[in-house]
Each structure stands twice: as structure tokens, then as C-alpha cells.
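# Breakdown of the fold
Listed below, chain by chain, are the residues.
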Amino acid sequence: MTVYEYRKMVLAAYLGSYRRAPPHIKRLVDQAMAVSLRSAETEEEKRLHNLLVLRFIAEQDFSVSRICKALHMSRGNFRQATAAGIDRLLVLLFGVDGVDWEGG
């Protein structure tokens, strides 16, 4: 497992457990999401940010169908867009060390 893969796995786990996570994990995710919001310049970056919020952060647990409808995306795109949103957060958290240079 590469460092990138490990970081992505940990970040995905933190996001997936956000609603029941201890305060120090929530703070890390909240800080990353704040940077994500501030740095989202394009419509696609804003959509990826909103996808992560609806999927992991929002108090209400929205269904995949509802998230897709709200963000005007197909269910087929959902998994890929979620991975892209997590990749974007990795870059925001780790800079160039958050990039998957091997294309895995």
C-alpha cells in the first residue's frame, strides 16, 4: 500500500465515521472542509465539496438517490465523484504529497 493509498483510506474512514467520531477527528475533518469550501472556485469543485457534505457531514443521513438528485448527477457518477472529492481533500490537506503520482 502506498502512502497515498493509506492516506486516502484513513481520510475516507474519518469521513465515513464523522457523525459518531471523537472531537479531534471532527476538528480535522471540519478544518479540511472549511479549506475545501474557501478554495472551491469552479462549479465542479463546489459540487465535489457539497457532495462530501451531503454524504458524510450533514446531520441528516441522505440517500444516494437524494444526493444525486440534489447535485444533478447520475447514480453511476456518484462513486467516482465521491472518490474525486476525497482526492481533492487529500491535496488540500497534504499538498503535493496528497497527489496520486502513480495514477492508482
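All values reported here derive from a predicted model rather than from experimental measurement. (Residues numbered from 1 in each chain as written. Predicted model: local features only at pLDDT ≥ 70, side-chain atom pairs only at ≥ 80, totals over all residues. Heavy atoms only, no water.)

### Describing the overall build of the protein chain
The secondary structure content of the protein chain amounts to five helices and zero strands. Each helix (α) and strand (β) of the protein chain, taken in turn from the N terminus, gives the series α-α-α-α-α. Scaling as 2.2 N^0.38, a compact globule of 104 residues should have a C-alpha radius of gyration of about 13 Å, and the protein chain matches this with 13 Å. For the protein chain, the C-alpha atoms occupy an extent of roughly 35 × 30 × 25 Å along the three principal directions. (Helix = DSSP H or I, 4+ residues; strand = E, 2+ residues; numbered from the N terminus. Rg over C-alpha atoms; globule rule 2.2 N^0.38 Å.)

### Here's the deal with the packing of helix H3 (residues 43-57) against helix H4 (residues 64-71)
Viewed as axis vectors pointing N to C, H3 and H4 meet at an angle of 155°, and their least axial separation amounts to 10 Å. It follows from the interaxial angle that H3 and H4 lie roughly antiparallel. Note that H3 runs across H4; the crossing there is right-handed. Residues Arg47, Asn50, Leu51, Leu54 and Arg55 of H3 pack against Ile67, Ala70 and Leu71 of H4. Of the residues that constitute the contact of H3 with H4, the class distribution is five nonpolar, one polar and two charged. (Axes fitted to C-alpha atoms, helices over the stretch in contact; angles between N-to-C directions. Parallel < 35°, antiparallel > 145°, perpendicular 65-115°, else oblique. Left-handed = near helix turned anticlockwise from the far one by under 90°. Contact = heavy atoms within 4.5 Å. Nonpolar A, V, L, I, M, F, W, Y, C, P; charged D, E, K, R; others polar.)

### Digging into the side chain of serine 36
Within the secondary structure layout, serine 36 lies in helix H2 (residues 23-39). Reaching out from serine 36, the side chain makes a polar contact with the side chain of histidine 49 at a distance of 2.9 Å. The contact partners of serine 36, leaving out residues within four places of it in the chain, are His49, Arg88, Leu89 and Leu92. (Polar contact = N/O pair within 3.5 Å; in protein donor to acceptor, adjacent residues only side chain to side chain.)

Geometric values such as these leave the question of function open.
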